[in-house]
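# Geometric and topological summary
Here's the letter readout for the chains.
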Amino acid sequence: MRAIAKRFPGVVALDRVDFEIARGEIVALVGENGAGKSTLMKIVAGVHRPDSGEIRLDGAAVTIDGPGGATRFGIAVIYQELEMIDTLDVAGNIFLGREPRRAGPLRLLDRGRMEQLATELLSRIGAAIAPRTSVSRLSTAQQQLVAIARALSVDARILILDEPTASLGSEDAERLFGVLHELRARGTAIVYISHRLAEIEIIADRAVVLRDGRNAGTLMRSEIRRDRLVQLMVGRTLESEYASRRAAPAPAGEPRRPRLQIDRVRTARYPRVEASLTVYRGEVLGIAGLIGAGRSELAEAVCGIGPRLSGRVLLDDVPLTIATPRDAIRNGICLVPEDRRGRGVIGAMSVRENITLPNLAAFARLGLVNRRAEAAAAREIAANLTVKATSIDVAVDTLSGGNQQKVVLGRWLALGPRAILFDEPTQGVDVGAKAEIHRLIRRLADEGAAVVLISSDLEEIVAECDRVAVMHDGRVTGVLDRPHCTPQSIMQLAVA
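Read on for an overview of the structure.

### Points about the packing of aromatic side chains
The geometry of an aromatic ring pair comes down to the distance between the two centres and the angle between the two planes. Enumeration over the complete set of coordinates arrives at one aromatic pair. Here the guanidinium or amino end of R411 rests over the ring plane of W412, the centre of that ring lying 5.7 Å away.

Set out below in structure tokens:
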């Protein structure tokens, strides 16, 4: 790709960007949210047409006329925001549009063959998922594995992965790396987009860094280090992407005051298992565990989203009746969900509308919303969180993932939550935005809120939390105080 340029209304997404990749090479494409990584890859995938520039495959100039054209050229993409059809099963999603057919004039669907091929593909990446399972029943992490199997099914010459491990635990990520090494050995060119810089150090042969829609630099294998990547990404050095600031201990003789208590709660995912946790005022409690441990289901049950079969939720020692999200919000309990796009924001609505949505009554009189007051409040919150948008009236789905996450956070900040649960809040977020989110989490705790941080990133859990609860198959297998929080001790409890 040579001198690729792309503009959107009010935004220069790409400014004469160069990028190249060879057969049998893994090239990391790195940059902050909004740097242009996804736009560049969507041009390769035929989703966008470049305003100018040239694309060559095997030395020949080509025009990629849509996603179908990209597939014909042997280009497969796994996007950060998964694109699955919930009403189809796993096999149907993997082979959508390319279903095996029986011989004969009717060309009937060969269901047995499709399920056999789906099973083989899933086995290659170690995913224990039945091909007849409806995608609507899969977790985000399991859907990610299905998306990877779908990309492998086209036998791609060029494979583009956008944040492929964002929803994966460490074991699944290691398994994916093994698959990518196997594909590289077969000559596949792999573009690997990730904000997890430790992964870049492990897997990349080269790293191409973008900043503000331009080339910021290229690092060869021997040069790839976290500090160099961060410096190129943000134009400055950062001590760490983690704030690592602990909450101040309670004064001597003063007992800690429970703010949020989860008492013997059973969820639909694990109906025979009870989970209990206590989160204190001003504390960040981490919840770690492998995929499928029941962390998200517990958070959703507390917040009235998923069913709570039994048990109690108490706030400041007062039992609450929470049957719906509205009940939780009214009592000052908020959830930042894992599925940011599907459950966190309403993409077609503006930044302003998303921020003020649960708090419209504060700007209304006699049932009419004062738009000027609403806009002023939304503008102040967006500015405080450094949301990068041309206006608070642009649709949220035009923003990068990190800025969408800030919009979700801004919505709950406006309500002054007493307890807030974060489910994978930095998933797919660049290092600069990640540090901002960590500072915000600590600020909420410093103001007296009970904060729960669910994360599959052990480094994040260890650095940011005052205590860490570990779950396995719906059960809390242990709670570690700060001095005993290490990746090793957490994993021992996670595998139970």
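Now that the structure has been shown, we can carry on.
### What to know about the sheet that holds strand β2 (residues 11–17)
Pairing between the strands of a sheet is mediated by backbone hydrogen bonds and can be parallel or antiparallel. With respect to topology, three strands assemble into an open sheet ordered β2-β1-β4, the strand pairing being antiparallel. Every interior strand has two partners, whereas the edge strands, β2 and β4 (52–54), have only one. Each adjacent strand pair in this sheet contributes to an overall mean axis angle of 20°, direction not counted.

### Some points on the nonpolar core
Among the nonpolar cores identified, the biggest contains 53 residues, and V30, I94, I125, L159, L180, I200 and L229 are the most heavily contacted of them. The element that contributes the greatest number of residues to this core is helix α5 (residues 140–153), accounting for eight residues. When neighbours within four sequence positions are excluded, I125 is seen to be in contact with L145, I148, A149, L152, R175 and V179. Counting residues in hydrophobic clusters, the runner-up holds 43 residues, among them A378, V387, W412 and V468.

### Topic: the environment of G344
Here G344 is to be found in helix α11 (residues 340–344). Residue class for G344 comes out buried when judged on its relative accessible area of 3%. Note: C-alpha distance between G344 and L409 (65 residues apart in sequence) is 9.4 Å. Sequence-distant contacts of G344, that is, excluding residues within four places in its chain, are made with P337, D339, V408 and R411.

What counts and how
Residues numbered from 1 in each chain as written. Predicted model: local features only at pLDDT ≥ 70, side-chain atom pairs only at ≥ 80, totals over all residues. Heavy atoms only, no water. Phe/Tyr/Trp six-rings, centres within 6.5 Å; stacked < 30°, edge-to-face > 60°. Lys NZ or Arg CZ within 6 Å of the ring centre and 35° of its normal. Pairing = 2+ DSSP bridges. Helix = DSSP H or I, 4+ residues; strand = E, 2+ residues; numbered from the N terminus. Axes fitted to C-alpha atoms, helices over the stretch in contact; angles between N-to-C directions. Core = buried A, V, L, I, M, F, W, Y, C linked by side-chain atoms within 4.5 Å. Buried < 20%, exposed > 50% of the residue type's maximum accessible area, 1.4 Å probe, protein only. Contact = heavy atoms within 4.5 Å.

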